[in-house]
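Breakdown of the fold
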Amino acid sequence: MNLNACEDFHPSTRAEAYKAEGTLYPYFAKLDAKVAKLNIDKDDKKAIQNTVSDRRNKLDKQIADGEFTLEHCNAVIGIVNEGLDDTLLATVK
């Protein structure tokens, strides 16, 4: 969500945000394939949906309050560019 917002609200970061996002997409695809195979009950699906909505609402508030800064975007992009946590990614692979 943050990378998408960087692309939209801080155009000077757009190219780097797209590049960082591209680094993440293969992991998203693998994670999505794994999640699709799970039998997730209705309550858990609702909890996941609520978490995503809550995070989006927090980001929207941060944007509205002028707190979603260029520095924030550069930090998020930097985290991706510096390398993702191999231990965490091993569960996705």
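Presented here is an overview of the structure given in this document. (Residues numbered from 1 in each chain as written. Predicted model: local features only at pLDDT ≥ 70, side-chain atom pairs only at ≥ 80, totals over all residues. Heavy atoms only, no water.)

Concerning a positive patch on the surface
The grouping of Lys 30, Lys 34, Lys 37 and Lys 93 at the surface amounts to a positive patch. Along the chain, the position of Lys 30 falls in helix H2 (residues 14–36). According to the relative accessible area criterion, Lys 30 is partly exposed, its value standing at 42%. (Patch = residues over 30% accessible without salt bridge, like charges linked within 9 Å, V, L, I, M, F, W, Y side chains within 5 Å. Areas by Shrake-Rupley, 256 points an atom, 1.4 Å probe, with all protein chains shown as cover. Salt bridge = Lys/Arg side-chain N within 4 Å of Asp/Glu carboxyl O. Lys, Arg positive; Asp, Glu negative; His and termini not counted. Charge placed at Lys NZ, Arg CZ, Asp CG, Glu CD. Helix = DSSP H or I, 4+ residues; strand = E, 2+ residues; numbered from the N terminus. Buried < 20%, exposed > 50% of the residue type's maximum accessible area, 1.4 Å probe, protein only.)

Observations regarding helix H4 (residues 70–82)
When the terminal C-alpha atoms of H4 are compared, their 18 Å separation across 13 residues agrees well with the 18 Å that a helix rising 1.5 Å per residue should span. Of all the positions in H4, only Cys 73, Val 76, Ile 77, Gly 78 and Val 80 are classed as buried. In this structure, the buried side of H4 is in contact with helix H1 (2–9) and H2. Looking one or two places after H4, you find Gly 83, whose phi comes out positive at around 115 degrees. (Expected span 1.5 Å × (residues − 1). Contact = heavy atoms within 4.5 Å.)

Quick notes on the pattern of salt bridges
Within the structure shown, the criterion is met by two salt bridges. Taking the shortest distance from any N to any O, the salt bridge between Arg 56 and Asp 60 comes out at 3.0 Å. Here the residue Arg 56 and the residue Asp 60 both occupy positions in helix H3 (residues 42–64), the gap between them amounting to four residues, near one helical turn. The salt bridge involving Asp 65 is made with Lys 61; its shortest N-O contact spans 2.6 Å. You can call Asp 65 partly exposed: its relative accessible area is 38%. Residue classification places Lys 61 among the exposed residues on the basis of a relative accessible area of 51%.

Focus: the environment of Gln 62
Mapped onto the elements, Gln 62 comes out in helix H3. Residue contacts for Gln 62: discarding those within four places in its chain leaves Glu 67, Phe 68 and His 72.

Observations regarding the packing of aromatic side chains
Tallying each qualifying case throughout the model produces one aromatic pair. Seen from their ring centres, Tyr 25 and Phe 28 are 5.8 Å apart, and the 85 degrees between their planes marks the pair as edge-to-face. Separated by three residues within a single helix, Tyr 25 and Phe 28 lie in helix H2, roughly one turn from each other. Judged by its relative accessible area of 46%, Tyr 25 falls in the partly exposed class. In this structure Phe 28 comes out as partly exposed when scored by relative accessible area, which is 42%. (Phe/Tyr/Trp six-rings, centres within 6.5 Å; stacked < 30°, edge-to-face > 60°.)

Quick notes on H2
Over its 23 residues, H2 runs 30 Å from end to end, which matches the ideal 33 Å to within 8%, given 1.5 Å per residue. Where H2 bends most, the angle comes to about 35 degrees, and this point is Leu 24, followed within four residues by the proline Pro 26. By the burial criterion, the buried members of H2 are Ala 17, Ala 20, Glu 21 and Leu 24. Tucked inside the fold, the buried residues of H2 contact H1 and H4. (Bend = angle between axes of the 7 residues up to and from the residue.)

Don't take any of this as a statement about function, it's just geometry.
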